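Secondary and tertiary structure notes
These are the residues of each chain, in order.
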Amino acid sequence: MRSGGTAPTRLRRATLHQDPYAPQHARLAVRTWLGTTHPALYDIELVVSELVTNAVKHALKGPDRDWVRLRLDEDASCVRLVVTDPGNPGSEPQCRPLPADWNDWIPRMKQPGGMGLATITAICDGAWGTYLTEREERVVWCCVPL
């Protein structure tokens, strides 16, 4: 949590299969954990969907590497999401800036993708980060403000 924050009021964890349905399962888990009236639900669903999609897309595949872990906790100021995958030491998450003008999006539409972390940066006011564990698992965390 952010420094000076209170202890988390909720802590939820799930392990998902690393497959095309993982983002949908992550959104359903978040919706179940937080409830449909949570004030930041839609932002949290978008962010978790982007993070899990990236995990499925970029983590190295192989035996015992077909998982994505999701953790959610909440305090008075934010909901913190942590997504962990088996990792890919050769791939570092990159954040392209969001275009300031709609017309700047048109060339990017020919090559979809690559805007997820910029979207997360905007939603989370820059409060996100990533690191590799000792086992080279990729961890991406973010704080969605309330």
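Fair warning: this is a prediction, and the values are worked out from it, not measured in the lab.

We now examine the pattern of salt bridges. Working definition: two side chains of opposite charge can pair if their charged atoms are close together. As enumerated under the stated definition, the model contains 4 salt bridges in all. Note that Arg71 is salt-bridged to Asp73, the shortest N-O span being 3.4 Å. Take Asp73: its relative accessible area is 4%, and that puts it in the buried class. In this structure, Glu137 and Arg135 form a salt bridge, with 3.7 Å as the shortest nitrogen-oxygen distance. Overall, the relative accessible area of 9% leaves Glu137 in the buried class.

We now examine the side chain of Ser49. Among the structural elements, Ser49 can be located in helix H2 (residues 41-58). Overall, Ser49 belongs to the buried group, its relative accessible area being 13%. Not counting chain neighbours up to four residues away, the residues in contact with Ser49 comprise Pro23 and Arg27.

Take helix H4 (residues 116-123) next. Taken together, the buried positions of H4 are occupied by Gly116, Leu117, Ala118, Ile120 and Ile123. Taken together, the buried residues of H4 touch H2, strand S4 (128-132) and strand S5 (138-145).

Below, the discussion takes up the packing of helix H1 (residues 22-34) against H2. Relative to each other, H1 and H2 sit at 150°, their axes nearing to 8 Å. Considering only the axes of H1 and H2, their crossing is right-handed. Touching Ala22, Pro23, Ala26, Arg27, Val30, Arg31 and Leu34 of H1 are Leu41, Tyr42, Ile44, Glu45, Val48, Ser49, Val52, Thr53 and Val56, all from H2.

Turning next to the pairing of S5. A regular strand places its side chains so that they alternate between the two faces of the sheet. Burial of S5 is extensive: 6 of the 8 residues sit out of reach of the surface. Relative to S5, strand S3 (residues 78-85) runs antiparallel, the two sharing 8 bridges. Bridge pairing in S5 places Leu81 opposite Cys142. The pairing of S4 with S5 spans 5 bridges and is classified as antiparallel. Directly across from Gly129, in S5, lies its bridge partner Trp141. Counting the residues between successive antiparallel strands, the hairpin from S4 to S5 contains 5 residues, one of them, Glu136, with a positive phi of roughly 65°.

Scoring rules and cut-offs
Residue numbers here run from 1 along each chain, matching the order of that chain's written sequence. Predicted model: local features are reported for residues with pLDDT of at least 70 only, side-chain atom pairs are reported and counted for 80 or more only, and whole-chain, interface and lining totals are derived from all residues. Side-chain figures throughout are based on the complete set of non-hydrogen atoms in the structure, without hydrogens or water. Salt bridge, as applied in this entry: a Lys or Arg side-chain nitrogen positioned within 4 Å of an Asp or Glu carboxyl oxygen. Buried means the residue's accessible area, taken with a 1.4 Å probe over protein chains only, is under 20% of the maximum for its type, while exposed means over 50%, and partly exposed covers the values in between. A run of DSSP states H or I qualifies as a helix once it reaches four residues; a run of E qualifies as a strand once it reaches two. Both are numbered from the N-terminal end. The contact criterion used is simple: two residues touch if any of their non-hydrogen atoms lie within 4.5 Å. The axes used here are C-alpha line fits, helices contributing only the stretch in contact, and every angle between their N-to-C directions lies in the interval 0 to 180 degrees. We call a crossing left-handed when the near helix sits turned anticlockwise from the far one by less than a right angle, and right-handed when that turn is clockwise. Any two strands with at least two DSSP-identified bridges between them are counted as paired.

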